[in-house]
Amino acid sequence: MPITRKTAKELSRLLSASEAIDRLLPIAKTSYEGKLLLGLVIKENFGREEVPMLIDRLYDLCDGWAVPDLYQEVLGEMAVKGMVEEVKHSIAKHKEICNPFARRLSIVAHFPLIKHNLVSPEEALGHVYATEWDTHYYIEMANAWLSAEIKIRYPEMEPRLSNPSLIKRYRQKLRESLRQP
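The structure presented is a predicted model; accordingly, all values stated were derived computationally and were not measured. (Residues numbered from 1 in each chain as written. Predicted model: local features only at pLDDT ≥ 70, side-chain atom pairs only at ≥ 80, totals over all residues. Heavy atoms only, no water.)

J.: How should I be thinking about the overall build of the protein chain in this particular structure?
T.: Check the secondary structure of the protein chain and you find 10 helices and zero strands. From first element to last, N terminus to C terminus, the protein chain shows the α and β order α-α-α-α-α-α-α-α-α-α. For a compact globule of 181 residues, the expected C-alpha radius of gyration is about 16 Å, and the protein chain comes in at 16 Å, within 12% of that figure. By principal-axis analysis of the C-alpha atoms, the protein chain measures approximately 45 × 35 × 30 Å. In the protein chain, which comprises 181 residues, the proportion classed as buried is 52%. Restricting the contact set of the protein chain to residue pairs at least 6 apart, pairs at least 24 apart contribute 70%. Total accessible area on the protein chain is roughly 9200 Å²; 53% of this is exposed by carbon and sulfur atoms. Positive and negative charge centroids in the protein chain, built from 26 and 25 side chains respectively, lie 5 Å apart. (Helix = DSSP H or I, 4+ residues; strand = E, 2+ residues; numbered from the N terminus. Rg over C-alpha atoms; globule rule 2.2 N^0.38 Å. Buried < 20%, exposed > 50% of the residue type's maximum accessible area, 1.4 Å probe, protein only. Contact = heavy atoms within 4.5 Å. Areas by Shrake-Rupley, 256 points an atom, 1.4 Å probe, with all protein chains shown as cover. Lys, Arg positive; Asp, Glu negative; His and termini not counted. Charge placed at Lys NZ, Arg CZ, Asp CG, Glu CD.)

Take a look at the structure:
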């Protein structure tokens, strides 16, 4: 990963986000490292006019649990730089898509939004409630993780989950997050 991050920094100086899509998308379609490289270059180098196209590409490339976990950083950077509505729109648009890893991105994308106070905890929990019966393992884990994160950041908030499997995972994530070294 350090080599990929270093390479991305160097490429970010040479390529715009659109040029990165043109040149790196073929690599990103065939390898995990290519997906990471493209995401990191986009994170460093995107223009407002490119954001809708870039967001769609990021969701399209989600094909494993780790890719959405990196791409949430990219969406967070876009939101912090003023494209909150575009990111929120992408979250709503992709929460029911066939690809479970794109659905995972629609959940984990809330982490940087919460961190920077760009969404309320109630709004993020609303997304959890809308997807809580999705039984795909990585969706359940993302929902449990987000619910636990909200509970830790906002102790007065108690997620009102209904799915017994998700409740079990939420409690597990909460215990793990609160464990002291």
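J.: What exactly am I supposed to notice about the nonpolar core here?
T.: Counting residues in each nonpolar core, the largest one holds 59 residues, and the members touching the most others are Leu38, Ile42, Tyr71, Leu75, Met78, Val87 and Leu146. Ranked by the residues each element gives to this core, the list is headed by helix 5 (residues 66-94), at 11 residues. (Core = buried A, V, L, I, M, F, W, Y, C linked by side-chain atoms within 4.5 Å.)

J.: What's the story with the environment of Phe101 in this structure? I'm lost.
T.: Mapped onto the secondary structure, Phe101 falls in helix 6 (residues 100-108). Expressed as a C-alpha distance, the spacing of Phe101 and Val67, which sit 34 residues apart in the sequence, is 8.1 Å. Apart from residues lying up to four places away in sequence, Phe101 is in contact with Cys62, Asp63, Gly64, Trp65, Pro68, His136 and Tyr138.

J.: Help me understand the packing of aromatic side chains, please; the structure alone is not making it clear to me.
T.: How two aromatic rings sit relative to each other is given by the distance of their centres and the angle of their planes. What the rule picks out here adds up to three aromatic pairs. With 5.8 Å between their ring centres and 45 degrees between their planes, Phe101 and Tyr138 make a pair best called tilted. With a gap of 37 residues between them, Phe101 in helix 6 and Tyr138 in helix 9 (residues 137-153) connect regions that are remote in the sequence. Summarising the aromatic geometry, the rings of Tyr137 and Tyr138 are spaced 5.0 Å apart at their centres and angled 80 degrees between planes, so their arrangement reads as edge-to-face. (Phe/Tyr/Trp six-rings, centres within 6.5 Å; stacked < 30°, edge-to-face > 60°.)

J.: When you look at helix 1 (residues 2-14) in this model, what are you seeing that I'm missing?
T.: Because each turn of an α-helix spans 3.6 residues, side chains separated by three or four positions end up pointing in the same direction. Taking 1.5 Å per residue, 13 residues should reach 18 Å; helix 1 reaches 19 Å between its end C-alpha atoms and fits that length. Those residues of helix 1 lying buried are Thr4, Ala8 and Ser12. Angular distribution of buried residues about the axis of helix 1 spans 75 degrees; they occupy a single face of the element. The exposed residues of helix 1 that point more than 90 degrees off its buried face are Pro2, Ile3, Lys6, Arg13 and Leu14. For helix 1, the elements touching its buried residues are helix 3 (32-44). (Expected span 1.5 Å × (residues − 1). Arc of directions from axis to C-beta.)

J.: Is there a simple way to explain the environment of Lys81 in this structure?
T.: Along the chain, the position of Lys81 falls in helix 5. For the pair Lys81 and Gly47, spaced 34 residues apart in sequence, the C-alpha to C-alpha distance is 9.9 Å.

J.: Hey, could you run me through unusual backbone geometry in this one?
T.: For residues that are not glycine, phi is negative in most cases, and the peptide bond is trans in most cases. Even without being a glycine, Asn117 presents a positive backbone phi close to 55 degrees. Along the chain, the position of Asn117 falls in the loop between helix 7 (110-115) and helix 8 (121-131). Judged by relative accessible area, which is 61%, Asn117 ranks as exposed.

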